[in-house]
Structure formats: structure tokens, C-alpha cells
Amino acid sequence: MSIQLYITRLKCLVRNKEAMFWCYLFPILLASCFFFAFNNLWKIEYFDTLPIAYVSEGEESESFEQVLEAAETSEGVKMFDIAYCDEVVAKQLLEKGDIEAYIVGSTKPELYVKGSGLNETIIKSYLDTYRQMSVTVTTILKSNPNAIEEGLIDDVMQHDTYIEAVKDDKKPAELLVYFYALLAFSCIFAANWGLDEVVNIQANLSGRGARVSVSSIPKMKLFLCNILAAFTAHFGSLILLFFYMYFIIKVDFGNNLLYLFAVCMVGSFAGLGMGAFIGVWVKKKAEVKEAILTIATLGGAFLSGMMMPDIKYMVATKFPLLSYINPVNLLTDSMYSLYYYDTYERYYTNTLLLGVIAIIFGILAIVGIRRKNYASI
Amino acid sequence: MQVFKAYYKILKSQLTAVLIYVALFLMLTILFTGNLKDNSNQFETKKVPVMVINEDGQNGLLDSFLSYLEEYVVYVEPKAGADAIKDALYYREVSYIITIPKGFSDSFYENGEINLTKQAAPDSMEAITIDQAIDNYFNIARVYQGHLPETTAEEISSYVQANLKEQTRVHLYGEQKDSVSAGHSFNRFYYNYLGYIIVAAFITSVSTIMFSFHGLDIRRRHFASPITERNLNGQLILANMIFVIFYLVIFIVAGYALNKYRAVNTNTLLFWLNAFTFALVTLSISYLIGISVKSKKAISALSTAVSLGIAFLSGMFVPQEFLGAPVLKVASFTPAYWFVKANGAIETLTTSSWSEISKIASFMAIQLGFAAAIISIALVVSKRKRQQIS
């Protein structure tokens, strides 16, 4: 019987196209947007050769031209596509947008650009390095004229790296924070489903609630079956989102997948509990309940720093209690702690607190649901 | 003008949603522009809080390195214990931790293998700048060290610092006044974001209204009324246009008021014109959505999905130059891409020469082309709907 109830409720949920869209498709859409929009921010793989012009101004410029021609990115893409011309032509080319910039002079090259975007910055920093290195060479040659024979030029051209990330197998993952936030928000989105479950079962909230209230099924049993069905359907969306991020857009979540699943599961319950709690205890119209829920989840997300990272640190230092009772914050904290810490202490604290909150919400919701009798409604 | 009036009656029911978008957008704009520096043209490096854990002890090389780095960072007192260090990073007291391992200086002089290690917050954009600053210092120091072995660490440090001051002179073509170009960059930022708001708000409101007018019963009622089809559509178009213009005027006025470097010039006018063009395209999209969807709930889903999708892909949120080539290829099939591109071109427009303006005009023409294409699809859909029996 319970199984029948569970399956029926599951069918109801899956057939609700709107809820399915927000829960299943929307997070995936957002994840794709993050991926497409931010993925390149930290990479220079997609570098395209920049068209520039060079105006020698009659100076001896052969060596500088050679340097420009030889410039390559670390992936071996040629940096500049150079047109040699006089300043009038260069200006016209720049005006038309055929070139990104033009360079004048060779000993102290000057840069003429149209705007101040990324490409201009790349050209400028390349010229800066050239100038700095040529000053180095001049300074050294003054005191040590034999330096050229000692391999000065090769030394100058060589670029060593002196800093590396701590060796704990964690690649810097700038995007990870966004994906964690998305996952956390999807968890807490379960609140909408929790609200729905309560509305569907309470006689004073919906017609269907009134109908099931007169049926012979104990209310608690029905409620638990329904919540379980909602959890199944919602957790399915989390798994789908996770698989999409992990296998399709290849987000590197590290070696903590099981821990991540566990906190998602607790988070999903906390969301359901929160929704149910608001559904039972806010005695207002359905729209008002939904609005309160939205404010609660968005407010929680705001305080946990999803919109502005600084907020999180402000809350953590000024109102520490708030960060311990905000379910969204606990969710993101347990996820971030998987990334930042090698030990699981902080993860356990946060997840446990989240679990406690889920249980408190659940108990309060049940207290509100049980023992409601109506002679007439 | 019954249709016209009915339009605004339905619009009233969507007003909250539309106004929320207005309020949200203006709030965010004020928040963001409050953060912008007054002299937004001069690039100023923000100093990053950094913790240095020095296991190598003090010596000339490290002292001068650390004093050099002070140009880029603020030092935070190092903490004891691995957990306390991680906590500092976690709560963002610092965004970057440098560990100088034991034997680093000796290894540096002997071209050894020991490197500094870093831990950076995963979303810290400044980390790259610090990486570069560190590499620059040691690379130049290495060259001096190699070829002028008898110089002291202090001398090397002063050489390096003098070297790094060498900067390329950059001339901004057209020599715009700083305040003028700052005004343009504000406008570019403002109107790019506005594109997202236009899409989100228009689909929410206009689509809902069009949906209401295209219900089967409503259409049948219309056929039975003495108002001709042309009259009906005329009133709808007029109502839509007035809504678009009114909505845009709010934003144009707000954008003008919020802009610290406000000025009315060719560029500003072009920004307005471009926003209007894009609003027309969005109007056609909203119309198409309004007459094709089957339920009102689908509209709010589509409004969020379409607006966010378009905004992310076409460079409204992230500048186009940061997007990958394949993404841009796909994006160029959306009108928003050309809207953003036009805004970019308008920002850098310095002369009112025809060649430059014609380029911008072509971007707007492409947007209008999209509008025409979408309207033709909408007409087909609407024709089909008219022939539908139930």
C-alpha cells in the first residue's frame, strides 16, 4: 500500500512539467551557461594571432622586428601578424578596425590603440617585457661587456617559473565555486517541492488535501510516502545535474564524490523540510507562501555569498550564529570545505548541523500537520 | 480603442514582475558603479592580502623580494599551524599564501630546483598578477645574478625595481578626454546589462499579454466583433510600441542620471538607438513566444531560460573577447550578439566618419533582420492558429 502511494505520488510529480523544468532542466542550462561563458576566462588556449602594424620611423629596427615576428605563445601560436607601413596608413587601418594596434619606434616602442581591452593589454605587456629586458641587457653590458659571449641573450629570453601550486593534487579550479553554488542552490530548491507536499495534504489548503483527509489512509503515512516521493524525484535532478557537470562539461570535483553526494542528500531533505515548515506554519495565501519561500531561499543564498562573496565573510565574522543556522550557507560551506581542507572535520560539522536543521524543520512540519480535524470545510 | 485598453489592463497584472526587473537592475547598477573608481580609466592594481610563510629565514634576496612585492600586495601576519593557515584562506582574510621553502635562496643562486609554493583562493583573479610579479622579479634577478655575480642583493633589487618601472607608453587613438571615454564605458556596461533586462522583462510581460489575446475563445470573440483584424492588430502594435518606448525611456533617463560622466553626444545617441533596435527585436521574440506557447507557466520558464542563455552566450555578462571562438560562432546566430557588438563599437567610436558609423549601422541592421525573420515566423504561426479548429 505504501509503495502504491509512493509510486502514485512520484507519477504526479514527474508529470508536473513546470516543476520538472525548474528542477531538471534549469540547473543544467545554468551549468552550461557558466561553462560556456566562464570557461575561457582562465585559459589562453584560444589565443588568436593579433593583427598589428609596425611603423619603424626610420630607426634601426631590424632586431626589434625580428623579436616581434618570432613572438609566440606557450602553445606555439604566433602572437602577431605584422603589417609594415607608415603612420598614416597604420592610423587608417586602426580606424577601420583591421588591426588591433600599431607600434612606433624600436628602442622605446610606443603603442597606439583604440580601446583598452584584453588584446591591447596583451600587446602592452609584451612590449613592457621587451623594454624591461632590453634595459637589463644595457645595464649588464655597462659593467660586464663580455656578457653577450657568456650567453646573456639566451638568459634574457629564458623565462623560468618560480612559483607553483602546493602539491596536494588540487588543480586551481576557479569555476568550481560557481558549480558548488549551483549544486547547493539546486538542493535548497527542494523547498518548493516540500511546500507542494504540504499543500497537497492539508485539508484547509487545497481541494486535493480535503479529499485525501477523508480517505482511510493515516495522514502521517501518506505524508511520509509523499515526502519520500518528492525526495526521490528531487534527488534524481541532483544526480542528473551532477552527472552532467561531471561527465559532460567535466567539472573536476576531486576525490570526494561520495561526500558530495551525502551532503546533497542532506541538503535536499533540509530543503524539503524548510518548504514543508513554511507551508504549514505560514497561514496565508499560496502566493504569499511562495513569495516567503523565495525570499528565504534567495536571502539564504545571498547571505551565503552566492551573489557577492564578501557577504559570506562579513556574516561569518560579524554574525557567526547566522552562518550556522542558514541552510544554504551550511551547504556551500560543507562543499567548499571539501575543496579547501584535507581533513573532513569542518565538512562533518557543517553537514551535521544541516542534518539537525532538516530534522527540526521536519518535526515542526509534522507537529503542524497532525491532528487537524474539520467538521466542515 | 478597446484592444489598446485591454492591453494595458493585462499589463497591469504583470506590472509587479516588470517593476521587480527595473528595481533589481537599477539597484545592481548603483551597486556596481559605486564600486567603480572615479578615474576608471587609470588602471589601478588592487592590493591583494597575502600571507608569507618564510621557512628559509632572512637574507638579502628575500628581503628585497618581499619589499618589491609590497607594490602589489598587503602582508597579513602569518598564522601558526596548517589549519589556521587554511582557515585564513577559507574566510578570505588572505587570497594568496606564499610559502618560501627551506633552502630556496641557496637553490636560487645555484639554479636549483626548489620553487616557492602558493595556495590561492580558487576564484581569485588577482592570483595571476601575483604569479607574474613573482616570476618577473626572479627572472630579472637571475639574469643579473648570472652576469654580474659580484653585485649584492640590494643592488640587484634596485636594478630589478628600476627595470620593472619601464613601461610602454600607450596612446589612445583619437585622444579622447578621460571623462568622455569613461562615460562611454559606463554606457557600454549599462546597455549590455540592460539587454538582459529587456529580454527578461519583455518576455514576461509582452508574451503574457499576447498569449491572452491569442486564446481560441478570445480570437473567436474578436472575429464576431465589428473591429477589423487590421484595426485590432494596429491597436496591439501601437500598445506594444508605447510600452517599449516608455520602458526604454525609464532606463535611458536612469542610465543618464546614474552616469557620472553624463553627456549627450553621438555615442550616447547611438547607444540609445541601439537599445531601441534591440528592444524591437525582443518585442518580436516576445510576440512569437506569446502566440506559440500553450500555457502561461511556460512563459515564465522561457523568459528566464531565454534571457539568461542569451545573456551568457552573447557577452552581456562576460565581455565577448573572453568567450571562446565556438561560443561566439553560436552566439552570432542570436540578435543579442550583434547588440553587444554594436555597443562595443559605439564605445570606441571617436570620429563621426561615415565608415565607422556605417559599421555600427550594419550591426543594427542585422538585428532588424533578425526581427523581420522572427516576425515572419510569427506570422506563419499565427496563420496556422487562425486555421486551427479546436
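Here the structure is a predicted model, which means the values were calculated and not measured. Note that residues are indexed from 1 along each chain, following the sequence as it is written. As a convention, the first chain written is A and the first ligand written is 1, with the rest following in written order. Per-residue local features of the predicted model are confined to residues with pLDDT of at least 70, and side-chain atom pairs are confined, for both listing and counting, to 80 or more; whole-chain, interface and lining totals are unaffected and use all residues. Only heavy atoms go into the side-chain values, all of them from the structure, while hydrogens and water stay out.

Observations regarding the overall build of chain B
Defined as follows: For helices the rule is a DSSP run of H or I covering at least 4 residues; for strands it is a run of E covering at least 2, with both sets numbered from the N terminus onward. Both definitions apply: the radius of gyration is a C-alpha atom measure, and the globule rule equals 2.2 Å times residues to the power 0.38. All accessibility values rest on the Shrake-Rupley procedure with a 1.4 Å probe; residue burial counts only the protein chains present in the view. The positive count covers Lys and Arg only, the negative count covers Asp and Glu only, and His and the chain ends enter neither. By convention, the charge on Lys lies at NZ, on Arg at CZ, on Asp at CG and on Glu at CD.
From N to C terminus, chain B includes 14 helices and five strands. The C-alpha radius of gyration of chain B comes to 29 Å, more than 25% above the 21 Å expected for a compact globule of 390 residues. A principal-axis box enclosing the C-alpha atoms of chain B has dimensions of 100 × 50 × 35 Å. For chain B, the exposed area adds up to about 18,600 Å²; of that, 62% sits on carbon and sulfur atoms. Here chain B carries 32 positive and 29 negative side-chain charges, and the mean point of each set is 29 Å from the other.

What about the side chain of S286 of chain B?
Residues and elements named next belong to chain B. Heads up, the rule is: The buried label goes to any residue with under 20% of its type's maximum accessible area, the exposed label to any with over 50%, and the partly exposed label to all in between, with areas taken from a 1.4 Å probe on protein chains only. Two residues qualify as a contact provided that any one of their heavy atoms is within 4.5 Å of a heavy atom in the partner residue.
Inspection of the secondary structure puts S286 in helix 10 (residues 266-292). The class of S286 is buried, set by a relative accessible area of 0%. What S286 contacts, discounting residues up to four positions off in sequence, is F202, I203, V206 and S207.

Regarding helix 7 (residues 176-188) of chain A
All names here are of chain A. Convention followed: Expected span of a helix: the number of residues minus one, times 1.5 Å.
An ideal rise of 1.5 Å per residue puts 18 Å on 13 residues; helix 7 measures up with 18 Å between its terminal C-alpha atoms. Counted residue by residue, helix 7 has 11 buried out of 13 residues, so it is predominantly covered. As for helix 7, its buried residues are in contact with helix 2 (17-38), helix 8 (190-199), helix 10 (219-248), helix 11 (257-281), helix 12 (286-303) and helix 15 (327-340).

Section: the confidence of the model for chain B
All names here are of chain B. What counts is decided by this rule: As a per-residue measure, pLDDT tells how confident the predictor is, with possible values from 0 to 100.
Mean pLDDT for chain B: 83, with 93% of residues reaching 70 or above. Confidence, read as mean pLDDT per element, is least for helix 3 (residues 82-90) in chain B (76) and greatest for helix 10 (93). The low-confidence segment residues 37-45, where pLDDT is below 50, has nine contacts with residues more than four positions distant or belonging to other chains. The ipTM for the predicted assembly is 0.71, set against a pTM of 0.75.

Some thoughts on the interface of chain A and chain B
Here is the rule: We define buried area as the total accessible area lost by two parts upon association, computed with a 1.4 Å probe and summed across both. Here a salt bridge means any side-chain nitrogen of Lys or Arg lying within 4 Å of a carboxyl oxygen belonging to Asp or Glu.
Each partner contributes to the interface: chain A provides 72 residues, whereas chain B provides 64 residues. Summed over both sides, the interface of chain A with chain B buries roughly 6,700 Å², with 61% coming from carbon and sulfur. Among the residues of chain A in contact with chain B, Y162, I163 and Y340 of chain A are the three that bury the most area, contributing 13% of the side total. Taken together, chain A and chain B are joined by one salt bridge.

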